[in-house]
Amino acid sequence: AGRFHSVVFLSDGTSYSFGLNKYGQLGLGSCKFSILSKKKNQEEIHTDPVKNQVMNCTAVSCGTEFTLWLTTTGVLSAGCPEYGQLGHGTNNEYNSSESSLKMYFQPQPAPKLIAALASKKILKIASGNNHSLALDSDGHLHSWGFGGYGRLGHREQKDEFSPRRTSS
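Bear in mind the structure is a predicted one, so any value in this text is a computation, not a measurement. (Residues numbered from 1 in each chain as written. Predicted model: local features only at pLDDT ≥ 70, side-chain atom pairs only at ≥ 80, totals over all residues. Heavy atoms only, no water.)

Trainee: Which parts of the structure should I look at to understand unusual backbone geometry?
Mentor: A negative phi angle characterises most non-glycine residues, just as the trans form characterises most peptide bonds. Positive phi, normally seen in glycine, also occurs at Y149, with a value near 65°. Positionally, Y149 belongs in the loop between β12 (141–145) and β13 (160–165). The phi dihedral of R155 falls on the positive side, at around 60°, and the residue is not glycine. Here R155 is to be found in the loop between β12 and β13. Look at R155 and you get exposed, because its relative accessible area is 73%. (Helix = DSSP H or I, 4+ residues; strand = E, 2+ residues; numbered from the N terminus. Buried < 20%, exposed > 50% of the residue type's maximum accessible area, 1.4 Å probe, protein only.)

Pasting the structure below:
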């Protein structure tokens, strides 16, 4: 379970989500929030489980405002990319307008395959509030997202926008 959302999967590999979908963390393919919208505080709440876009799911892990799915084809992610926890090489940070210093993070509402892990056989996934982990079949741990307090295991306090193998 995440901060305000939950995601589950069934034995047939289908996945269902419920709760707040502000950043697309439910994996439905859309969300009401947009950096272009004049209404910044729109809420999209699903109180009943809704089938999301993920198929062939074997595990799921939720962070604060994002979700990871382990499927038979790889690891997918959706939601808020603020610290790079989605693993797609960017945090999708944008200025709200040319005259503003306020920054927004463009949501990723459609579950997207993490390309950096595509060539690896991932066995397990896990996530913290704003970071993600994946264990591959060779026994290597990959981490990405918020790197504060050394939580990624890279011997430095630096955010990682793509999965990076830990040194040990």
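So that's the structure; there's more coming.
Trainee: In this structure, what is going on with the pattern of salt bridges? I would like to understand it.
Mentor: It is possible for side chains of opposite charge to pair when their charged atoms get near one another. Tallied over the entire structure, the rule returns three salt bridges. Two residues, E160 and K158, come together in a salt bridge whose shortest N-O distance is 3.5 Å. With a shortest N-O distance of 2.8 Å, R164 and E160 are connected by a salt bridge. E160 gets classed as buried once you look at its relative accessible area, which sits at 10%. It is possible to trace a salt-bridge network through shared partners that takes in E156, K158, E160 and R164. (Salt bridge = Lys/Arg side-chain N within 4 Å of Asp/Glu carboxyl O.)

Trainee: Before we go on, may I ask you to explain the pairing of strand β10 (residues 122–127) in this structure?
Mentor: Consecutive residues of a regular strand have side chains that alternate between opposite faces of the sheet. The sheet contact formed by β10 and strand β11 (residues 131–136) spans five bridges and is antiparallel. By the bridge assignment, A126 is partnered in β11 with L133. Joining the antiparallel neighbours β10 and β11 is a turn of three residues. (Pairing = 2+ DSSP bridges.)

Trainee: Can you walk me through the sheet that holds β13 in this structure?
Mentor: Strand-to-strand pairing in sheets goes through backbone hydrogen bonds, with the strands running parallel or antiparallel. Pairing in this open sheet of four strands is antiparallel, and the strands run β10-β11-β12-β13 from one edge to the other. Among the strands making up the open sheet, the edge pair consists of β10 and β13. Sheet twist, expressed as the mean angle between neighbouring strand axes with direction ignored, is 15°. (Axes fitted to C-alpha atoms, helices over the stretch in contact; angles between N-to-C directions.)

Trainee: Got a minute to help me understand the nonpolar core in this structure?
Mentor: In a soluble, globular protein the nonpolar side chains are often hidden away together inside. In this structure, A59, F66, L68, L70, V75, L86, I114, L117, I122, I125, A134 and W144 together form the largest nonpolar core, which totals 12 residues. Counting residues per element, the ones that place at least two in this core are β5 (66–71) and β10. One finds V7, W69, L76 and A78 within the second-largest nonpolar core, a separate group that totals seven residues. (Core = buried A, V, L, I, M, F, W, Y, C linked by side-chain atoms within 4.5 Å.)

Trainee: Explain the side chain of T166 to me, please; I cannot follow it from the model alone.
Mentor: For T166, the position within the fold is in the segment after β13. Residues in contact with T166, not counting those within four places in the same chain, are L141, S143, L152, G153 and H154. (Contact = heavy atoms within 4.5 Å.)

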